[in-house]
Amino acid sequence: MTEPVTIPLSELHDRRAFLARASALTLAIPGVGAALTACSPPATPSRTDTTHGAPQAGAAGGAAQGVNQPHNSDSRLDSAVLKGGPHGNTSATGTATQGAQSTTFHRFAPELPPLAPGGLLQLRWHAREAPVRISDDTVVAAWTFEGDVPGPIVHTRVGDTVEFTLTNDAMIPHSMDFHAAQIDPKHAFKSVAKDQSLTFTFKPKWAGAFMYHCGTAPVLMHIGAGMHGAIIVSPREPLPPAKEFVLVHSELYLDEAPGDTHAANFQKMLNTMPDLVVFNGRPNQYIKDPIRVKVGDRVRFWVVSAGPQYQCAFHVVGEQFDTVYLGAPPTSAIRGVQTFAVPPGGGMVFELVCDIPGEFPFVNHSFGHGQKGAIGILVVA
Amino acid sequence: MTEPVTIPLSELHDRRAFLARASALTLAIPGVGAALTACSPPATPSRTDTTHGAPQAGAAGGAAQGVNQPHNSDSRLDSAVLKGGPHGNTSATGTATQGAQSTTFHRFAPELPPLAPGGLLQLRWHAREAPVRISDDTVVAAWTFEGDVPGPIVHTRVGDTVEFTLTNDAMIPHSMDFHAAQIDPKHAFKSVAKDQSLTFTFKPKWAGAFMYHCGTAPVLMHIGAGMHGAIIVSPREPLPPAKEFVLVHSELYLDEAPGDTHAANFQKMLNTMPDLVVFNGRPNQYIKDPIRVKVGDRVRFWVVSAGPQYQCAFHVVGEQFDTVYLGAPPTSAIRGVQTFAVPPGGGMVFELVCDIPGEFPFVNHSFGHGQKGAIGILVVA
Amino acid sequence: MTEPVTIPLSELHDRRAFLARASALTLAIPGVGAALTACSPPATPSRTDTTHGAPQAGAAGGAAQGVNQPHNSDSRLDSAVLKGGPHGNTSATGTATQGAQSTTFHRFAPELPPLAPGGLLQLRWHAREAPVRISDDTVVAAWTFEGDVPGPIVHTRVGDTVEFTLTNDAMIPHSMDFHAAQIDPKHAFKSVAKDQSLTFTFKPKWAGAFMYHCGTAPVLMHIGAGMHGAIIVSPREPLPPAKEFVLVHSELYLDEAPGDTHAANFQKMLNTMPDLVVFNGRPNQYIKDPIRVKVGDRVRFWVVSAGPQYQCAFHVVGEQFDTVYLGAPPTSAIRGVQTFAVPPGGGMVFELVCDIPGEFPFVNHSFGHGQKGAIGILVVA
């Protein structure tokens with residue numbers, strides 16, 4: 001188990017100087033030189049530690065030192081401040097593994113939820129460590145918004161108001177960064193310490209499929225450990241009627257953890273070799289239990305690539321998108337598309353008309369990744 | 001040599017439950033947990049098996065188990081059902097290595113073939129294992145459409161009819177997935193057993209450079225072993241006159257195989273570290289024997305990224321594209337482009353005017369890949 | 001220390017036959033077969049040599065042989081012709097490490113420089129090996145244009161004239177490839193031997209953020225060792241007034257080198273696992289010393305992805321781009337964008353309006369890379 005490091009008050013004074021160190025995760029203090037000379041294998045190499053040999057160990061060595069930095073709770077780029085130990089570089093913190101065996105699997109509902117009435121969406125969320133069962137026999141020790149990965153789907157509209165409160169139940173600081181908001185991150189997206197809360201309000205200016213995520217440093221770790229999701233912003237002038245679904249694409253970098261769980265491993269994230277690649281947090285969940293629509297339906301997929309590292313080359317087998325919005329709908333449309341790549345940290349909107357019945361797999365056509373769990377089925381009946 | 005596994009009849013009943021297992025290749029049965037605990041090196045580690053150490057071995061360990069699953073011949077996501085053995089996880093199956101030494105190298109002609117007369121294109125293709133000589137001294141044990149990699153270039157037109165028949169001469173099931181078709185994959189793209197045939201018909205709705213590939217599970221393996229190509233759909237209203245060429249970009253993940261050949265290796269595909277990256281199946285073939293046009297010609301490259309994993313950042317040295325069609329031409333055009341990335345499983349159309357003579361290399365400007373064979377030359381004289 | 005290989009005159013005759021060998025860096029002579037069988041670890045394996053185990057060693061083994069090829073000084077794809085030795089496969093050549101300890105760090109100024117008067121820009125640049133301090137305690141042995149990485153920002157305008165002269169002060173051949181030029185690379189971009197010069201002239205046809213780089217083979221090595229930069233072409237009809245900045249995104253693949261420096265390592269480039277990922281050559285330099293604008297300013301980022309391998313998923317935390325030009329501005333615009341990926345070897349233009357004060361980090365949202373140094377801050381006050 002890990003504990004938050006005590007924050008030296010002196011660290012709170014100079015945010016920028018701190019960021020220059022803490023966010024430069026491959027740069028060990030006092031710098032790159034040290035990181036690169038720290039390339040010898042650790043004394044007690046674990047399976048994970050030796051993944052890519054020396055050069056990556058160098059990078060990760062720097063990173064490992066980086067996450068031992070004290071943090072600055074006034075910053076959105078705070079260090080995660082993980083202490084060492086056998087699971088010190090993973091998400092197996094606090095309550096992330098507690099009750100794992102009794103955690104049940106549930107399919108993540110992909111339907112776009114309705115808009116809040118009155119143009120005001122009030123969200124009171126908790127950041128917390130929690131085990132999440134991603135398949136019948138696998139539980140991940142996750143860092144979450146509201147106990148699930150991805151976090152809840154948010155649906156709002158251009159010009160409506162989102163009032164968001166984050167309360168942190170976790171041992172380490174967390175924060176919230178909505179890509180749909182134009183707001184000063186220094187204040188709105190700053191880290192929240194355990195048992196503290198923070199509220200901010202914004203009005204989305206552009207329609208689209210936007211990512212949200214914890215922005216606390218190291219961001220790579222917080223996204224990779226599960227703190228990500230989608231905020232869908234509809235335009236004020238409605239798009240054509242459609243069955244609307246939200247797909248959040250992400251990678252999992254897993255290590256063993258206590259209680260027969262698996263934890264997100266920061267060093268593996270730096271190595272950028274994912275074990276699983278998924279839609280809405282669970283490998284192949286929509287093969288087992290597909291997304292279903294009717295013949296004649298227009299289907300609109302709001303696709304977010306949460307990463308933390310990779311794009312999603314989104315494709316539906318046996319279908320073609322009549323429209324893909326690269327930017328804010330109804331602008332920025334291209335037509336007649338088989339596959340388009342949604343960049344990590346980005347979102348795009350994919351539309352097709354289901355004019356024939358059938359079973360249409362949707363995939364990440366980057367199949368070295370798609371084959372690791374990013375396949376689902378759209379049933380048209 | 002490998003043999004197809006007998007199909008238990010019980011497996012034919014529940015297609016979806018099967019897919020949930022068989023397509024989840026990193027998930028060993030009974031699940032992720034097993035895959036991740038199967039991380040110890042194999043008893044007799046080969047050079048390839050230890051490529052990336054434990055975590056990838058974990059992923060591939062699951063995969064290795066996955067490909068030993070029985071298959072469901074009624075599914076487009078059938079398992080490839082390779083049995084174990086020294087080459088059990090590669091493309092060195094059946095006749096893929098037979099006659100390798102007498103196989104001759106030929107340059108893959110990149111010219112867009114003419115349209116079929118009468119608006120009807122009838123294709124009667126065979127899936128078969130065959131050695132393909134990709135350079136003077138290298139032969140790859142390939143899974144092919146019509147004996148070559150990539151498969152034949154198909155050229156049709158929006159609204160024309162394509163009538164396609166696949167006969168499977170290979171030992172394991174294969175299938176065909178045309179990205180230009182809107183059709184139920186459950187029936188049209190389903191796997192065809194040895195010595196069986198399947199016919200389907202479609203009319204392309206959108207113009208563009210579309211990928212085709214074998215869709216039999218594991219798709220990653222079937223694409224990576226050679227079963228991919230391009231179907232070019234011209235719009236009914238002709239685009240400006242041009243010299244038209246087709247480039248299919250792909251990666252090779254090679255292992256040693258019998259008869260002094262090299263075989264596509266599934267585990268290396270999961271590791272996503274290609275040995276070669278090529279246009280039209282052969283490293284640097286158009287350096288040795290360039291593509292030639294005349295001063296004043298407009299050149300139209302129909303570029304397909306077959307992957308199986310990576311995009312192609314297409315660029316022509318010394319030139320600029322006046323038009324790149326991100327979607328179906330003549331829509332979705334952007335202007336004045338140096339480089340654009342064609343996503344894996346996607347296609348785009350790149351146009352330039354050759355107003356000066358010279359030798360213009362075309363490359364994947366993602367040079368860690370481009371340097372592995374994705375360089376050619378366009379000679380303007 | 002390395003020396004250029006003597007050029008056999010016989011090599012000068014057949015440029016194309018040479019290119020077929022020299023540019024095929026993963027193909028050892030006599031071919032792929034040799035490369036793939038050269039997979040056993042080198043007799044004296046270094047830390048770097050064993051990075052990814054056998055398959056990558058195979059690829060790099062071929063590459064290592066490739067760079068020992070003689071070169072053809074009449075070609076833009078010349079081999080870099082590095083001799084062997086402990087640092088023979090790195091950028092630690094000639095004067096690249098001389099005076100490293102006394103080299104000072106300087107922040108790379110990101111401001112777009114003014115246009116040259118009179119529509120004529122005359123550039124007389126030198127290619128040279130030089131140590132570059134990229135952080136307080138790290139010096140890189142670099143191959144440079146004008147002694148820095150990236151090279152100087154060039155700013156011109158559609159239809160203006162750029163007259164460029166390259167003089168090579170380095171031990172190995174170098175060249176210049178401007179993506180903003182439509183010109184015969186065989187002559188304009190050809191390699192220049194030590195103490196020689198070459199001049200060419202061009203008039204850009206399209207506006208945009210274009211990459212320039214050394215095009216001498218192996219291109220991967222010359223880009224990765226530091227020979228890259230940005231040439232910004234403004235349209236003749238000015239874009240809306242804005243504060244304009246240039247960001248060149250690139251990766252560093254580092255090995256130890258003499259004099260307490262680090263050298264770019266070719267084998268690590270082939271392995272595509274970067275140690276650092278940066279804007280304008282230095283990790284996180286704009287966290288320590290941000291880019292500053294005023295409330296109400298429109299900001300225009302001209303972003304070039306130099307690679308050599310990866311795209312940049314460009315994002316500004318707390319902001320949204322009202323416009324991203326995928327092609328030549330003012331054409332090819334999309335609106336309301338959170339993140340878009342600039343392909344390697346490509347460039348795009350990102351605009352936002354700073355209507356609120358704050359501190360807005362700009363990042364590569366592909367965070368496995370962003371976390372390695374591609375984070376800066378835009379301060380709006």
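Residues numbered from 1 in each chain as written. Chains lettered and ligands numbered in written order. Predicted model: local features only at pLDDT ≥ 70, side-chain atom pairs only at ≥ 80, totals over all residues. Heavy atoms only, no water.

## Quick word on the overall build of chain A
Our working definition: Elements are defined by DSSP. Helices are runs of H or I of four residues or more, strands are runs of E of two residues or more, and each kind is numbered from the N terminus. The classification of residues rests on relative accessible area computed with a 1.4 Å probe and restricted to protein chains. Under 20% of the type maximum is buried, over 50% is exposed, and intermediate values are partly exposed. Contacts are assigned to residue pairs with any non-hydrogen atoms lying within 4.5 Å of each other.
Assigned secondary structure in chain A consists of eight helices and 21 strands. Residues classed as buried in chain A amount to 70% of the 381 residues present. Sequence-distant contacts, at least 24 apart, represent 74% of the contacts inside chain A between residues at least 6 apart.

## A few points about the nonpolar core
Nonpolar side chains in soluble globular proteins tend to end up buried together. Rules: By nonpolar core is meant a set of buried Ala, Val, Leu, Ile, Met, Phe, Trp, Tyr and Cys residues that side-chain atoms within 4.5 Å join together.
The biggest cluster of nonpolar side chains holds 282 residues, and the ones touching the most others in it are A:Phe301, A:Phe314, B:Phe301, B:Phe314, C:Phe301 and C:Phe314. Residues contacting A:Phe314, with those up to four places away along its chain left out, are A:Leu247, A:Phe279, A:Phe301, A:Val303, A:Phe321, A:Gln338, A:Thr339, A:Phe340, A:Phe350, A:Phe362 and A:Val363.

## Considering the pairing of strand β8 (residues 228-234) of chain B
Residue and element names in this part refer to chain B. Let me state the cut-off plainly: For two strands to count as paired, DSSP must find a minimum of two bridges between them.
Of all the seven residues making up β8, seven are buried; the element is thus mostly covered by neighbouring parts of the structure. Burial of the side chains of β8 extends over both faces: His 228, Ala 230, Ile 232 and Ser 234 are buried on one face and Gly 229, Ile 231 and Val 233 on the other. The sheet contact formed by strand β3 (residues 154-157) and β8 spans four bridges and is parallel. Bridging across to β8, Thr 156 finds its partner in Val 233. As defined by bridge partners, strand β7 (residues 208-213) adjoins β8 across six bridges and the pair is classed as antiparallel. Among the inter-strand pairings, Phe 210 is bridged to a residue of β8, identified as Ile 231.

## Side note on the packing of aromatic side chains
So the rule is basically this: Ring geometry is summarised as follows: Phe, Tyr and Trp rings, the Trp one being its six-membered ring, pair when their centres sit within 6.5 Å, and such pairs are stacked at plane angles under 30 degrees, edge-to-face over 60 and tilted between the two. As a reminder, the over-ring test applies to NZ of lysine and CZ of arginine, requiring each to be within 6 Å of the ring centre and within 35 degrees of the ring normal.
By the definition in use, this model includes 63 aromatic pairs over all chains. Centre to centre, the rings of A:Tyr286 and A:Phe362 are 6.2 Å apart; their planes meet at 40°, and the pair counts as tilted. Residue A:Tyr286 is found in helix α7 (residues 285-288), and its partner A:Phe362 is found in strand β20 (residues 358-364); the two are separated by 76 residues along the sequence. Neither residue differs from the other here; A:Tyr286 and A:Phe362 are each classed as buried. Residues C:Phe245 and C:Phe301 carry aromatic rings whose centres are separated by 6.2 Å and whose planes lie at 40° to one another, so their mutual orientation is tilted. Remark: C:Phe301 occurs in strand β14 (residues 298-307) and C:Phe245 occurs in strand β9 (residues 243-252); sequence separation between them is 56 residues. Summarising the burial analysis for this pair, C:Phe245 and C:Phe301 share the class buried. An aromatic cluster is defined as three or more aromatic residues linked by ring pairs; in this entry it consists of A:Trp125, A:Phe145, A:Phe164, A:Phe178, A:Phe189, A:Phe200, A:Phe202 and A:Tyr212. A cation sits over an aromatic face here: A:Lys288 above A:Phe105, 5.9 Å from the ring centre.

## So, the sheet that holds strand β20 (residues 358-364) of chain C
All names here are of chain C. Definition in use: Between the N-to-C directions of two axes lies an angle of 0 to 180 degrees, each axis being a line fitted to C-alpha atoms and, for a helix, fitted only over the stretch in contact.
On the basis of which strands lie adjacent, the open sheet formed by five strands has the order β13-β21-β20-β15-β18 and mixed pairing. Two strands close off the open sheet at either side, each with one partner strand: β13 (291-293) and β18 (339-342). On average, each strand axis in the sheet is inclined to that of its neighbour by 20°, with strand direction left out of account. Inspection of the sheet shows strand β15 (residues 312-316) paired to β18 by four bridges, in the antiparallel sense. Paired with Phe 314 across the two strands is Phe 340, which belongs to β18.

## Quick word on the environment of B:Ile223
Its location among the elements puts B:Ile223 in helix α5 (residues 219-224). Classification of B:Ile223 as buried rests on a relative accessible area of 1%. Sequence separation between B:Ile223 and B:Thr144 is 79 residues, and the spatial gap between their C-alpha atoms is 9.4 Å. The residues touching B:Ile223, leaving out its near neighbours within four places in the chain, are A:His365, A:Phe367, B:Met211, B:His213, B:Cys214, B:His228, B:Ala306 and B:Pro308.

## Some remarks on unusual backbone geometry
All names here are of chain B. Along the chain, Gly 307 connects to Pro 308 via a cis peptide bond; the corresponding omega equals 20°. Topologically, Pro 308 is positioned in the loop between β14 (298-307) and β15 (312-316). Of note in this structure, Asp 195 is not a glycine but carries a positive phi near 70°. Among the structural elements, Asp 195 can be located in the loop between α4 (185-188) and β6 (197-202). Asp 195 sits in the exposed class, given a relative accessible area of 55%.

## Regarding the environment of B:Asn284
Turning to its location among the elements, B:Asn284 is positioned in the loop between β12 (276-279) and α7 (285-288). For the pair B:Asn284 and B:Gly373, spaced 89 residues apart in the sequence, the C-alpha separation amounts to 5.0 Å.

## Details of the pattern of salt bridges
Worth spelling out the cut-off: A carboxyl oxygen of Asp or Glu within 4 Å of a side-chain nitrogen of Lys or Arg is what we treat as a salt bridge.
Following the criterion strictly, the structure yields 43 salt bridges over all chains and no others. Measuring nitrogen to oxygen at the nearest pair gives 2.9 Å for the salt bridge that ties C:Asp322 to C:Arg298. Residue C:Asp322 is found in strand β16 (residues 321-325), and its partner C:Arg298 is found in strand β14; the two are separated by 24 residues along the sequence. Exposure class is identical for C:Asp322 and C:Arg298. Each is buried. Residues participating in the shared-partner salt-bridge network are A:Glu244, A:Arg298, A:Arg300, A:Asp322 and A:Glu351.

## A short note on the pairing of strand β4 (residues 161-168) of chain C
All names here are of chain C. Burial of β4 is extensive: seven of the eight residues sit out of reach of the surface. Here strand β1 (residues 120-135) runs beside β4; their pairing, made up of eight bridges, is parallel. Opposite Trp 125, over in β4, you have Leu 166 as the bridge partner. Where β4 lies against strand β6 (residues 197-202), six bridges are found, and the strand directions are antiparallel. What sits directly across from Val 162, in β6, is Phe 202.

## Concerning the state of the cysteines
Convention followed: What counts as a disulfide here is a pair of cysteine sulfur atoms lying within 2.5 Å.
By the definition in use, this model includes zero disulfides over all chains. Distance from the sulfur of A:Cys354, which forms no disulfide, to the nearest cysteine sulfur (A:Cys312) is 18 Å.

## Side note on the confidence of the model for chain A
The condition is simple: For every residue, the pLDDT score states the predictor's confidence, bounded by 0 at the bottom and 100 at the top.
In this model, chain A carries a mean pLDDT of 82, and residues with pLDDT of at least 70 account for 77%. Across residues 1-87 of chain A, confidence stays below pLDDT 50; counting only partners more than four residues off in sequence or on other chains, it has 224 contacts.

## Structural notes on the side chain of A:Thr339
Let me state the cut-off plainly: Any pair of nitrogen or oxygen atoms within 3.5 Å is treated as a polar contact; in protein, a donor-acceptor pairing is required on top of that, and neighbouring residues in sequence qualify only through side-chain atoms on both sides.
By the element assignment, A:Thr339 lies in strand β18 (residues 339-342). Separated by 3.1 Å, the side chains of A:Thr339 and A:His315 make a polar contact. From its side chain, A:Thr339 meets the backbone oxygen of B:Gly345 in a polar contact 2.6 Å long. Discounting residues that sit within four places of it in the chain, A:Thr339 has contacts with A:Ala313, A:Phe314, A:His315, A:His365, B:His179, B:Pro343, B:Pro344, B:Gly345 and B:Gly346.

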